[in-house]
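Coordinates in review
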Amino acid sequence: MRALITGVSGFVGTFLCEKLLANNYEVFGLSRTQPHNKSITFYSCDITDSLKVEQVIDDVRPDEIYHLAGSAFIPFSYNNPSETYNTIVNGTMILYEALRKLKIDAKILYVGSAAVYGDGKSIPVKEEDLLHPNNPYAGAKACADIISEQYVRTYGMKIIRARSFNHTGPNQSSNYVCSNFAKQISEMEHNDRNIIRVGNINVKRDFLDVRDVVSAYYLLMKHGKVGEAYNVSSNKAVAISEILNLLISNSELINPKIEVDTSKLRKNDTFVRLGDNTKLKVDTGWSPVYDLNETMKDLLHYWREISSKL
Ligand SMILES: C[C@H]1O[C@H](OP(=O)(O)OP(=O)(O)OC[C@H]2O[C@@H](n3cnc4c(=O)[nH]c(N)nc43)[C@H](O)[C@@H]2O)[C@@H](O)[C@@H](O)C1=O
């Protein structure tokens, strides 16, 4: 089986690559930056470069495509809406058009985001709920989600949509909340600083371990229904303050000070993001195996290794 991962060098792409290799796939990857795994065939390519994307698809002729490429950090999108829409919306169109033009009938997992729901009316949100994007990233993901459905209905392309909720784990960029706190804490274990800088820690998020997320993508590709959207979520909402407490309780810190850094506060931050994962479980048999405390321990371990080398 030949699988192409767009955005292969990113946080999730790296874990997905390992998962597919472990399942005897021939893995091909496309990204702007070099991948961690050297045993794949890698193409240095920007997803918005239509000519190059077409060449890659023609060369690889994949059976499966996991479409992960595109920026994922919501605050970046506030100041860079055009770039965000370009990589996510245009990038998705370029991929689908290359496949259509070359008549390649690959199965595709479009990796979208739960951010598309915004502050939805129902909690937990279900796939049939309306999309209410409240930032450029969420708007772009909503557009690409709709384009994906349209390409199934119009051209019969075999696209399954994932709507992924927050995820974390070792190797994640410190842009994201869990990784940011774990990094600060691991550094504080080695220096005299006693203040953790935070944004809004009253909001609630539905977190999965990245390793459970890639298992969901693997199973969705196998058993997900073409044309359908699936929440990839834990079904549990946790306050960011609870995440912080969990990390502190697994650390050597005693009563660190928590200080709000106003530059980390966001306009229109979604208050509660919680997803119903029944459809994913029923259609694919997926079930998460990592509990949040285990994930936080692994994340702390990852940052301690880095801090100890500084
Ligand atoms: C589903 C969705 O999930 C992710 O988007 P996100 O929810 O914005 O993720 P995050 O880790 O940046 O923030 C989570 C929450 O935590 C609050 N928060 C408090 N204090 C800090 C803090 O110090 N840093 C950060 N980053 N956030 C903080 C922050 O205000 C926000 O409410 C992406 O993967 C995205 O690609 C995606 O698709």
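Reading guide: rules and limits
Residues numbered from 1 in each chain as written. Predicted model: local features only at pLDDT ≥ 70, side-chain atom pairs only at ≥ 80, totals over all residues. Heavy atoms only, no water. Pairing = 2+ DSSP bridges. Helix = DSSP H or I, 4+ residues; strand = E, 2+ residues; numbered from the N terminus. Axes fitted to C-alpha atoms, helices over the stretch in contact; angles between N-to-C directions. Contact = heavy atoms within 4.5 Å. Parallel < 35°, antiparallel > 145°, perpendicular 65-115°, else oblique. Left-handed = near helix turned anticlockwise from the far one by under 90°. Nonpolar A, V, L, I, M, F, W, Y, C, P; charged D, E, K, R; others polar. Domains from an automatic or database assignment. Buried area = accessible area lost by both parts, 1.4 Å probe. Salt bridge = Lys/Arg side-chain N within 4 Å of Asp/Glu carboxyl O. Buried < 20%, exposed > 50% of the residue type's maximum accessible area, 1.4 Å probe, protein only. Lys, Arg positive; Asp, Glu negative; His and termini not counted.

**Focus: the sheet that holds strand S11 (residues 229-232)**
Strand order in the open sheet formed by seven strands is S3-S2-S1-S4-S5-S6-S11, with parallel pairing between adjacent strands. Both edges of this open sheet fall to strand S3 (41-44) and S11, since each of them pairs with a single strand only. On average, adjacent strands in this sheet sit at an angle of 20° to one another, irrespective of strand direction. Note: strand S6 (residues 158-164) against S11, four bridges, orientation parallel. Across the sheet, alanine 162 pairs through a bridge with tyrosine 230, a residue of S11. Contacts from helix H5 (residues 136-155) reach strand S5 (107-113) and S6 within the one sheet, and its direction differs from that of S5 by about 155°.

**As for the packing of helix H6 (residues 177-188) against helix H10 (residues 292-308)**
Geometrically, a packed helix pair is captured by the angle between its two axes and the distance between the axes. As a packed pair, H6 and H10 sit with axes 8 Å apart at the nearest point and diverge in direction by 50°. Taken together, H6 and H10 sit at an angle that is classed as oblique. Here the hand of the crossing between H6 and H10 comes out right-handed. Each of Cys178, Ser179, Ala182, Lys183, Ile185, Ser186 and Glu187 in H6 lies in contact with H10, whose residues at this interface are Met296, Leu299, Leu300, Trp303, Arg304 and Ser307. Partitioning the contact of H6 with H10 into residue classes produces seven nonpolar, three polar and three charged.

**Focus on the domain arrangement of the protein**
Segmentation of the protein into domains returns domain 1 (2-167 + 207-232) and domain 2 (173-205 + 236-273 + 290-308). With centres defined by C-alpha atoms, the gap from domain 1 to domain 2 works out at 27 Å. Contact with domain 1, which involves 17 residues of that partner, is made by 20 residues of domain 2. Between domain 1 and domain 2 lies a buried interface of about 1,700 Å² when both sides are counted; carbon and sulfur atoms form 55% of it. Looking at the side of domain 1 facing domain 2, the largest losses of area belong to Phe73, Phe207 and Arg211, adding up to 37% of the total buried there. On inspection of domain 1 and its partner domain 2, the count reaches one salt bridge.

**Let's talk about the side chain of aspartate 206**
Assignment of secondary structure puts aspartate 206 in the loop between strand S9 (204-205) and strand S10 (208-209). One buried charge, aspartate 206, has no salt-bridge partner; the nearest side chain with opposite charge is lysine 236, at 8.2 Å. In contact with aspartate 206, not counting residues within four places along its chain, are Phe165, Asn166, Ser233, Ser234, Asn235, Lys236, Arg273, Leu274 and Gly275.

**A closer look at the pattern of salt bridges**
Under the defined criterion, the tally for this structure stands at 19 salt bridges. With a closest N to O distance of 2.9 Å, arginine 211 and aspartate 298 form a salt bridge. Here arginine 211 is found in helix H7 (residues 210-223), whereas its partner aspartate 298 is found in helix H10, with 87 residues between them in sequence. Here lysine 225 and aspartate 283 are joined by a salt bridge, their closest N and O atoms 3.6 Å apart. In this pair, lysine 225 sits in the loop between H7 and S11 while aspartate 283 sits in helix H9 (residues 278-284), placing the two residues 58 residues apart along the sequence. Overlapping salt bridges, with partners in common, bring together Asp145, Glu149, Arg153, Arg161 and Arg163 in one network.

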